[in-house]
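# Remarks on the overall topology
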Amino acid sequence: MAVDGEFFVGRVVRRDMDERSALRLLAADLPDAGDDAAVVDGLVVTTDMLHESTDFPAGTTRYTAGWRSVAASLSDVAAMGADATAAVAAYGAPSLEESELRDFVRGAREVCAAVGAEYVGGDLDTHEEFTVATTALGETDNPLLRSGATPGNVVCVTGALGRSAAALRAFEAGDCDRANDLFRFTPRVAAGVALRPYATAMMDSSDGLARSLHQIAEASDCGFAFEWDALPVHDAVTEYARDTDDERAMAAYFGEDFELVFTLPADAVDTARDALSIPITVVGQVTDEQIVANGDPVPDEGYTHADD
């Protein structure tokens, strides 16, 4: 059984621990932890929690919040190479406003429809901070894990990187229409299913490309080598990046892009491309050890679910 790295019970977590430290602590209780979702008898299940203070910048509409919250869990289903079937959400806010609720549910339903799943409800409660907990379900008899990467494989990503980083800059600039549009990503469910026959390891890039590579490397006991110029950078990044270093940080370290990061044999790339309806980019190779870009070590840095 594969278990979502954020899907855990059974131990008290110290308040001064960050997310990564807490997950390592819980690994003793969950020896199979480390993949994007739990898989039990072909049923894929994953859960996420998002908060206004850390996940929804000022200007985020309830429609976008509904879409993005559910999409985050559907992305975990995609990362397992599973077909998405359904999603639910628990919605908490200081007050339950009719227009906000309707907009939230509309966003949740429409992102489900975009990937062939169904939004089937959830729970409502008042809460001091707008908070959403989502669960998504999927199905597969052959899940893709993080542990199958082999030296000699290539590493690829779907779509483009840095979309969410650009969205945050747009929110900060007061360009909320643009920001909300960038925040509403389509989970790569169809791509995940199409990659199932070819990929050797896969996860989503919710924590950023750099951290994703570190996580796959840890699970597969391997390394990676890539070139900065090979990364597919979202067009919006160039609108908001301050310089080249900032552009790299937005693309590789910020996270929350929810693209798929995966490995596969080099001779399968063209066939995999033909099977997908979205672009994939070869960004590097799987190696025996270390994670380097242009020959320099890449730090294990990325998105952390914490309010700093």
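Reference entry: report on the structure contained in this document. As the structure is a prediction and not an experimental result, all values here were calculated from the model.

### Let's talk about the nonpolar core
Residues Leu 74 and Phe 262 are the most contacted members of the largest nonpolar core, which totals 52 residues. With ten residues, helix 3 (residues 62–79) is the largest single contributor of residues to this core. Looking at which domains feed residues into this core, each of domain 1 (38–139) and domain 2 (153–297) gives three or more. Membership of the second largest hydrophobic core comes to 25 residues, among which are Ala 201, Met 203, Cys 222 and Trp 228.

### What to know about the pattern of salt bridges
Per the counting criterion, the structure on display carries eleven salt bridges. Between Arg 62 and Glu 100 there is a salt bridge, with its nearest N and O atoms 3.5 Å apart. On the criterion of sequence distance, the pair formed by Arg 62 in helix 3 and Glu 100 in helix 4 (residues 98–114) is long-range, its members being 38 residues apart. Overall, the relative accessible area of 26% leaves Glu 100 in the partly exposed class. The partner of Arg 68 in a salt bridge is Glu 256, with the nearest N and O atoms 3.5 Å apart. On the criterion of sequence distance, the pair formed by Arg 68 in helix 3 and Glu 256 in the loop between helix 10 (244–252) and strand 11 (260–264) is long-range, its members being 188 residues apart. Judged by its relative accessible area of 7%, Glu 256 is buried. Residues participating in the shared-partner salt-bridge network are Arg 169, Arg 242 and Asp 246.

Calculation rules
- Residues numbered from 1 in each chain as written.
- Predicted model: local features only at pLDDT ≥ 70, side-chain atom pairs only at ≥ 80, totals over all residues.
- Heavy atoms only, no water.
- Core = buried A, V, L, I, M, F, W, Y, C linked by side-chain atoms within 4.5 Å.
- Buried < 20%, exposed > 50% of the residue type's maximum accessible area, 1.4 Å probe, protein only.
- Helix = DSSP H or I, 4+ residues; strand = E, 2+ residues; numbered from the N terminus.
- Domains from an automatic or database assignment.
- Salt bridge = Lys/Arg side-chain N within 4 Å of Asp/Glu carboxyl O.

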